[in-house]
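Chain residues, written in single-letter form:
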Amino acid sequence: MDSEQLAELAAEACDDRKGVDIQLIRVDEVSSLADWLVIAGGQSDVQVKAMALSLIHISEPTRPY
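Residues numbered from 1 in each chain as written. Predicted model: local features only at pLDDT ≥ 70, side-chain atom pairs only at ≥ 80, totals over all residues. Heavy atoms only, no water.

Colleague: Can you walk me through unusual backbone geometry in this structure?
Modeller: One can expect most non-glycine residues to show negative phi and most peptide bonds to be in trans. One non-glycine residue, Lys 18, lies in positive phi territory at about 65 degrees. Mapped onto the secondary structure, Lys 18 falls in the loop between α1 (3–16) and β1 (20–26). Although it is not a glycine, Asp 21 sits at a positive phi angle of roughly 50 degrees. Residue position: Asp 21 is located in strand β1. (Helix = DSSP H or I, 4+ residues; strand = E, 2+ residues; numbered from the N terminus.)

This is the structure in structure tokens:
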């Protein structure tokens, strides 16, 4: 799985949790820390926490370490 696919998967996970204003921003040309930024908003703290937990859950099998 490449970084773009992982970013799209993260955006889908946010969308599944009803995230709003989801944006994928390619930053590989200006940053050595990341290839993509996924930015999403939520309507409440509970919703944002649910999105964060969903992102942790989907990223666990893809961790390189």
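Still more to cover.
Colleague: What is the right way to look at the side chain of Gln 47 in this model?
Modeller: With respect to the helices and strands, the residue Gln 47 is situated in helix α2 (residues 45–59). Engagement of the side chain of Gln 47 in a polar contact is seen with the backbone oxygen of Lys 18, the distance being 2.4 Å. A polar contact is formed between the side chain of Gln 47 and the backbone nitrogen of Gln 43, at a distance of 2.4 Å. Beyond its immediate sequence surroundings of up to four residues, Gln 47 is in contact with Arg 17, Lys 18, Gly 19 and Gly 42. (Polar contact = N/O pair within 3.5 Å; in protein donor to acceptor, adjacent residues only side chain to side chain. Contact = heavy atoms within 4.5 Å.)

Colleague: Please clarify how the environment of Ala 7 should be interpreted in this entry.
Modeller: Take Ala 7: it is sitting in helix α1. On a C-alpha basis, the gap between Ala 7 and Ser 32 in space is 16 Å, while along the polypeptide they are 25 residues apart. Not counting residues up to four positions away in its chain, the partners in contact with Ala 7 are Leu 24, Trp 36 and Val 38.

Colleague: Just to check I follow, could you spell out the pattern of salt bridges for this structure?
Modeller: Side chains that differ in sign of charge can pair as their charged atoms come close. Overall, the coordinates contain one salt bridge when judged by the stated rule. Residues Arg 26 and Asp 28 are paired through a salt bridge, measuring 3.2 Å at the closest nitrogen-oxygen approach. (Salt bridge = Lys/Arg side-chain N within 4 Å of Asp/Glu carboxyl O.)

Colleague: What is the right way to look at α2 in this model?
Modeller: Because an α-helix completes one turn every 3.6 residues, residues spaced three or four positions apart along the sequence face the same direction. Its 15 residues place the ends of α2 21 Å apart at the C-alpha level, agreeing with the 21 Å of an ideal helix rising 1.5 Å per residue. The set of residues buried in α2 consists of Gln 47, Met 51 and Ser 54. In an axial view of α2, the angular spread of the buried residues amounts to 60 degrees, which keeps them on one side of the axis. Exposed residues lying more than 90 degrees from the buried face of α2 are Asp 45, Val 46, Lys 49 and Leu 53. The inward-facing, buried residues of α2 abut α1 and β2 (36–41). (Expected span 1.5 Å × (residues − 1). Buried < 20%, exposed > 50% of the residue type's maximum accessible area, 1.4 Å probe, protein only. Arc of directions from axis to C-beta.)

Geometric descriptors of this kind do not, in isolation, establish any biological role.
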